[in-house]
Amino acid sequence: LSVGMALFQKFVEPGRLVRVCYGAETGKMATIVDIIDQKRVVVDGPTTGVARQQLPIRWIQLTKLTTGIKRGVKAKTLKAQLKEDDTFGKWGATPWAKRLAVKAKKASLTDFERFRLMLAKKKQGVAAKKAE
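Each value, and the rule that gives it
- Residues numbered from 1 in each chain as written.
- Predicted model: local features only at pLDDT ≥ 70, side-chain atom pairs only at ≥ 80, totals over all residues.
- Heavy atoms only, no water.
- Salt bridge = Lys/Arg side-chain N within 4 Å of Asp/Glu carboxyl O.
- Helix = DSSP H or I, 4+ residues; strand = E, 2+ residues; numbered from the N terminus.
- Buried < 20%, exposed > 50% of the residue type's maximum accessible area, 1.4 Å probe, protein only.
- Pairing = 2+ DSSP bridges.
- Contact = heavy atoms within 4.5 Å.
- Core = buried A, V, L, I, M, F, W, Y, C linked by side-chain atoms within 4.5 Å.
- Axes fitted to C-alpha atoms, helices over the stretch in contact; angles between N-to-C directions.

**Remarks on the pattern of salt bridges**
In step 1: Under the definition given, this model contains six salt bridges.
In step 2: Here Arg-71 makes a salt bridge to Asp-34, at a shortest N to O gap of 2.6 Å. Within this pair, whereas Arg-71 is found in the loop between strand E5 (60-66) and helix H1 (75-85), its partner Asp-34 is found in strand E2 (residues 29-35), the two being separated by 37 residues in sequence.
In step 3: Residue classification places Arg-71 among the exposed positions, given a relative accessible area of 58%.
In step 4: With a closest N to O distance of 3.1 Å, Arg-40 and Asp-37 form a salt bridge.
In step 5: The partly exposed category is assigned to Asp-37, whose relative accessible area is 34%.

**Section: the pairing of strand E3 (residues 40-45)**
In step 1: For E3, a buried count of five out of six residues is recorded, marking the element as mostly surrounded by other parts of the structure.
In step 2: Relative to E3, E2 is paired through four bridges, and the arrangement is antiparallel. Note that in E3 the partner of Asp-34 across the bridge is Val-42.
In step 3: The hairpin turn running from E2 into E3, its antiparallel successor, is four residues long.
In step 4: Note that E3 and strand E4 (residues 50-56) share five bridges and pair antiparallel. By the bridge assignment, Val-42 is partnered in E4 with Gln-54.

**What to know about the environment of Leu-55**
In step 1: Considering the arrangement of structural elements, one finds Leu-55 in strand E4.
In step 2: Those residues in contact with Leu-55 that sit more than four places away from it in its chain are Val-20, Lys-39, Arg-40, Val-41, Val-43 and Ile-60.

**Here's the deal with the nonpolar core**
In step 1: With 10 residues, the main nonpolar core is built from Val-18, Val-20, Ala-30, Ile-32, Val-41, Val-43, Val-50, Leu-55, Ile-60 and Leu-62.
In step 2: The set of elements that each furnish at least two residues to this core consists of strand E1 (16-20), E2, E3, E4 and E5.
In step 3: When residues no more than four places from it in sequence are discounted, the contact partners of Leu-62 are Lys-10, Phe-11, Val-12, Arg-16, Leu-17, Val-18, Ile-32 and Trp-96.

**Structural notes on the sheet that holds E4**
In step 1: Reading across the sheet, the five strands line up as E4-E3-E2-E1-E5 and stay open at both edges, with antiparallel pairing between neighbours. Here the strands that pair on one side only, and so sit at the sheet edges, are E4 and E5. Put simply, the sheet's adjacent strands are angled 40° from each other on average, direction ignored.
In step 2: Pairing between E1 and E5: four bridges, direction antiparallel. Considered in E5, the bridge of Arg-16 is made with Thr-66.
In step 3: Across the sheet, H1 is in contact with E2, E3, E4 and E5; its angle to E2 comes to roughly 125°.

Right, dumping it as structure tokens:
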């Protein structure tokens, strides 16, 4: 470990955008609003359908995005700040969000669309072989 490099880049802090990875809200985005103790936080997702609730830290995945809010802000203030910072626009541009979008798109394909995708991949593979 080099001297100038920090050990952690993402911290559990008010304003941190998180993805819920366990429980009823799995897959939804929320923002940390308050910290209860070492293991639990209060999250809120006024634009994503996540009600304000406490969640174990192990149930959330931290993203690199933060919003400039203070502890315990109201949903209205949080919503305004998220819009002002364009947090979800920035989130949509991240590789992680793009991967999730592709995964969701693939999951929603019909049988015929999956078949067409397979044919397209085969065609692309043949073209790649010829190019070699």
